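Structure at a glance
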Amino acid sequence: MKARVKIDKDFKISNIDKRIYGSFIEHLGRAVYGGIYELEHPLADENGFRKDVIELVKKLNVPIIRYPGGNFVSGYKWEDGIGPVEQRPKRLDLAWKSLETNEIGIHEFMNWSKKVNSDVDMAVNLGTRGISEACDLLEYCNHERNTYWSDLRRKNGAEKPFKIKTWCLGNEMDGPWQTGHKTAYEYGRLAKETAKAMKIIDPTIEFVVCGSSNRQMPTYGKWEAEVLDLTYEEADYLSLHTYYGNRENDLADYLANSLDMDHFIEEVISIADYIKAKHRSSKKMMLSFDEWNVWFHSNEADENITKNKPWQKAPRLLEDIYTFEDALLVGSLLLSLLRHSDRVKIACLAQLVNVIAPIFTEPNGEAWAQTIFYPFMQVSNHGRGVALRTECSSPKYDSKNFTDVPYLDSMVVYNEDKQEIVFFAVNRSQEEAIETSLDLGGFTNPRVIEFSTLNGFDSKQVNGVGKEVVVPKSCNDVEIINNNLEIKLPKLSWNMLRIKVDQN
């Protein structure tokens, strides 16, 4: 099987906003308690944060983390998480039928986010609360001094404001499962007035308004249009959420799901641009794909826990153990985000630790990297710069739910500062390698820095404690002929090729 990819620096899609490599920590399952925080762990630091988890998060180079939810935020009283820990109330979390101890709150999480070199994308509760509580939270976090809330922050140990820039106005408010579920009109009006009030306190902040919880929602499309119609001038980003799973064990169809993400993004862009035209606005609405991942392995276990063992602290919820095939799909989903980097400016892999996450921990034991850790790490670290549109000719196939699926899924990023081209690619074929020719167009004197491939595993292979076997390996199967690179991409593989070029 053969494919050809033409690359040129003039084929520019967009500068890539580094926040496209964001992630998400929710007070859910063992994401916080037993994940980032385990006071009695041998590797806990002076604040109870696991140092092994911190080091793994640093490897992912995550620039922004959405917090504290998720469904959790729609019942959250942020004031429960400030002040002396021993005086904080324990609460029932209605979203996940769990017990929230509030040992970790705003101060602790802001402290942890600095340790992992990440900014925070703060969500406010617009389910059971509203404008007043959101303004109080903003004043607590961002106002300098001489008010009740800012002085209370200083009393609680943070002399300087947290200066949180990005704020999510609620979470999945279209979902009937959401505490405080609202119609598009109810939510849009509340989000608009909340944003207006918050901007009076801090004019520098930006807002994400809720789009649909997924593309299959019965109100999808209509929800986006009505919410944006109400909030267009106040909002900076519209959110998208989606999760994928291989429930029918159809690998060819499963690996084509990045096409669904492509369609989802393009449909939402069309709706946003319609509202822009309707309002005769000069502003282009950007997108925040602030929940995306594979999620299906743990569904049955989650249902059993929430039905039969409710109100536990940090129960084992959403603990998907990821396979090699999941890593391939996550790689393709990252490429979809890069393809749309002109409009997707924030994205959050949901989530970061234990809960549908690239990092997994054992209580009082080791932390380890799941299969999906590696494509995310490589794209986050090396996918910085300019996303380039590629002219790609590849054989295609049809599957149950998709037609014309390219066997080769690829994207190119050009880092001008480093004079480096990075070619990311997934070979979806279960049978054949793809002999791929990269035509570098206006780039000159190419030299291969690194060729890394993730391949050769059973599609259901997983990683675990002491058996991180699904990891990338170096490969030398690249030939440079004039200004072309000839590269063989193994069957069922995730690939990264870094190429040094000369300055023109």
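In the block above lies the structure referred to throughout.
**Quick look at the packing of aromatic side chains**
Tallied over the full model, the rule gives 20 aromatic pairs. Aromatic side chains Tyr33 and Tyr37 sit 6.2 Å apart centroid to centroid with 80° between the ring planes, which places their arrangement in the edge-to-face category. Each member of the pair, Tyr33 as well as Tyr37, is classed as buried. Look at Phe373 and Tyr374: their rings are 5.3 Å apart centre to centre, the planes differ by 70°, and that puts the pair in the edge-to-face class. In this structure an aromatic cluster arises from ring pairing among Trp78, Tyr140, Tyr148 and Trp149. Seen from the ring of Tyr232, Lys283 lies directly overhead, with NZ or CZ sitting 5.5 Å from the centre. The aromatic ring of Phe11 is capped on one face by Arg389, whose charged end is 4.7 Å from the ring centroid.

**Brief notes about the packing of helix α6 (residues 222–231) against helix α8 (residues 257–279)**
At a closest axis distance of 9 Å, the pairing of α6 and α8 adopts a crossing angle of 35°. α6 and α8 meet at a crossing whose hand is right-handed. Side by side, α6 and α8 meet where Glu224, Ala225, Leu228 and Asp229 of the first sit next to Ile271, Ala272, Ile275, Lys278 and His279 of the second. A per-class count over the contact of α6 with α8 returns 5 nonpolar, 1 polar and 3 charged.

**Thoughts on the layout of surface pockets**
Looking at the largest pocket, its volume works out to about 980 Å³. Surrounding the largest pocket, 41 residues form its lining, Asn214, Tyr243, Arg247, Trp295 and Asn299 being those nearest its centre. Those elements that provide at least two residues to the lining of the largest pocket are β10 (237–244), α7 (251–254), α8 and α9 (299–308). With 4 residues, the single largest contributor to the lining of the largest pocket is α9. Among the residues making up the lining of the largest pocket, the classes are represented as 13 nonpolar, 16 polar and 12 charged.

**Here's the deal with the environment of Asn364**
For Asn364, the location among the structural elements is in the loop between β14 (359–361) and β15 (367–369). Those residues in contact with Asn364, other than ones at most four positions away along the chain, are Glu38, Glu40, His41, Pro42 and Arg50.

**Here we look at the pairing of strand β26 (residues 484–489)**
With 6 bridges connecting them, strand β22 (residues 434–439) and β26 associate as antiparallel partners. Following the sheet pairing, Glu435 is matched in β26 by Lys488. Where strand β25 (residues 478–481) and β26 come together, 4 bridges link them in antiparallel fashion. For Ile481, the partnering residue across the bridge sits in β26 and is Asn484. Hairpin connection from β25 to β26: 2 residues lie between these consecutive antiparallel strands, with Asn482 at a positive phi of about 55°.

**Quick notes on the sheet that holds strand β5 (residues 91–93)**
One open sheet accounts for 3 strands, arranged β5-β6-β12; its pairing is mixed. The open sheet has two edge strands with one neighbour each: β5 and β12 (312–313). In this structure, β5 lies alongside strand β6 (residues 98–100), joined through 3 bridges in antiparallel fashion. Pairing of Arg91 across the sheet is with Glu100, part of β6.

**With respect to the side chain of Asn293**
Positionally, Asn293 belongs in strand β11 (residues 286–294). Since its relative accessible area comes to 0%, Asn293 is described here as buried. Every residue in contact with Asn293, bar those within four places of it in the chain, is listed here: Thr242, Tyr243, Tyr244, Tyr322, Val330, Leu349, Ala350, Gln351, Ile356 and Ile372.

Calculation notes
Residues numbered from 1 in each chain as written. Predicted model: local features only at pLDDT ≥ 70, side-chain atom pairs only at ≥ 80, totals over all residues. Heavy atoms only, no water. Phe/Tyr/Trp six-rings, centres within 6.5 Å; stacked < 30°, edge-to-face > 60°. Buried < 20%, exposed > 50% of the residue type's maximum accessible area, 1.4 Å probe, protein only. Lys NZ or Arg CZ within 6 Å of the ring centre and 35° of its normal. Axes fitted to C-alpha atoms, helices over the stretch in contact; angles between N-to-C directions. Helix = DSSP H or I, 4+ residues; strand = E, 2+ residues; numbered from the N terminus. Left-handed = near helix turned anticlockwise from the far one by under 90°. Contact = heavy atoms within 4.5 Å. Nonpolar A, V, L, I, M, F, W, Y, C, P; charged D, E, K, R; others polar. 1 Å grid on protein atoms, 1.4 Å probe; cavity = no way out; pocket = protein on both sides within 12 Å on 5 of 7 lines; lining within 4 Å. Points joined across faces, edges and corners; volume = space filled by probe spheres on them. Pairing = 2+ DSSP bridges.

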